[in-house]
Amino acid sequence: MKIEPKIIIFDAFGTLVKIGTSRSPYRKLMKWLKTNGRKPSPNDASIIMSKAVDIAQLALHFGQVIPKHLLNEINDDLQFELNTIELFEDTIPTLQILKKHGFKIALCSNLALPYGERLKTLLPSLFDVVVFSYEVAAIKPEQQIYEVIKAHFDCVMSEMLFIGDHPVLDVEKPISLGMNARLIQRVKGEQLSDVIGDLTSRK
């Protein structure tokens, strides 16, 4: 017997929010580190998004003290980028409808600390739980980050539906763990109602 989802989990960027203008501050930092002798690692992105540190602390973690002028430049780029983050127009109305229909809702996202802190000021207090990678020291598709949500709701995986824009992190991995999952493709003009409209129409 198929279990209907009771908990809707959303990814953040590309699903509920978007960056207006990217300045790629972390890429600038990593490029400087490479120029100064640090060899890039496949784990770099994981480290950036799983540690609750600022730019200067991150550079120290990678073994370098970043010059003040470059630190100011990167932080300026970061702040500019953070200020361009905005919600998709259908984000708040959709979350409100889901709550009205009795669903529990969660937010689960891979991101660096400054982005998470910015989202906390933008997103409404409609989420039952918010799980950011840097707060739990784990990133999607590591099982631990999904388990945090499961433990919060004390539910089984089949009661959760994950919605996001990444085919692996938001769809394939959740399904492999026993969740339901649906892909949203904002670049193709898809709206949240296209993805979850059937959930609210039958309740």
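Residues numbered from 1 in each chain as written. Predicted model: local features only at pLDDT ≥ 70, side-chain atom pairs only at ≥ 80, totals over all residues. Heavy atoms only, no water.

In the annotation of an unreviewed UniProt entry, the entry for the chain reads Haloacid dehalogenase, type II, and the organism field reads Acinetobacter schindleri NIPH 900.

Peer 1: Before we go on, may I ask you to explain the side chain of lysine 140 in this structure?
Peer 2: Inspection of the secondary structure assignment puts lysine 140 in the loop between helix H7 (133–136) and helix H8 (143–153). Residue lysine 140 is classed as buried on the basis of its relative accessible area of 3%. Within the structure, lysine 140 has its side chain in polar contact with the backbone oxygen of cysteine 108 (distance 3.4 Å). Discounting chain neighbours no more than four positions away, the residues touching lysine 140 are Asp11, Cys108, Ser109, Asn110, Ile145, Tyr146, Phe162, Leu169 and Asp170. (Helix = DSSP H or I, 4+ residues; strand = E, 2+ residues; numbered from the N terminus. Buried < 20%, exposed > 50% of the residue type's maximum accessible area, 1.4 Å probe, protein only. Polar contact = N/O pair within 3.5 Å; in protein donor to acceptor, adjacent residues only side chain to side chain. Contact = heavy atoms within 4.5 Å.)

Peer 1: What am I meant to see in the nonpolar core here?
Peer 2: Here is a general trend for soluble globular proteins: nonpolar side chains tend to be buried in one another's company. With 43 residues, the main nonpolar core has Ile8, Phe10, Leu29, Ile66, Tyr115 and Leu119 as its most contacted residues. When residues of this core are sorted by domain, at least three fall in each of domain 1 (5–17 + 85–197) and domain 2 (23–82). Apart from the residues within four sequence positions on either side, isoleucine 8 is in contact with Leu98, Phe103, Lys104, Ile105, Ala106, Leu161, Ile163 and Leu199. The next biggest cluster of nonpolar side chains, apart from the first, holds 20 residues, and it includes Ile9, Val129, Ile145 and Ile149. (Core = buried A, V, L, I, M, F, W, Y, C linked by side-chain atoms within 4.5 Å. Domains from an automatic or database assignment.)

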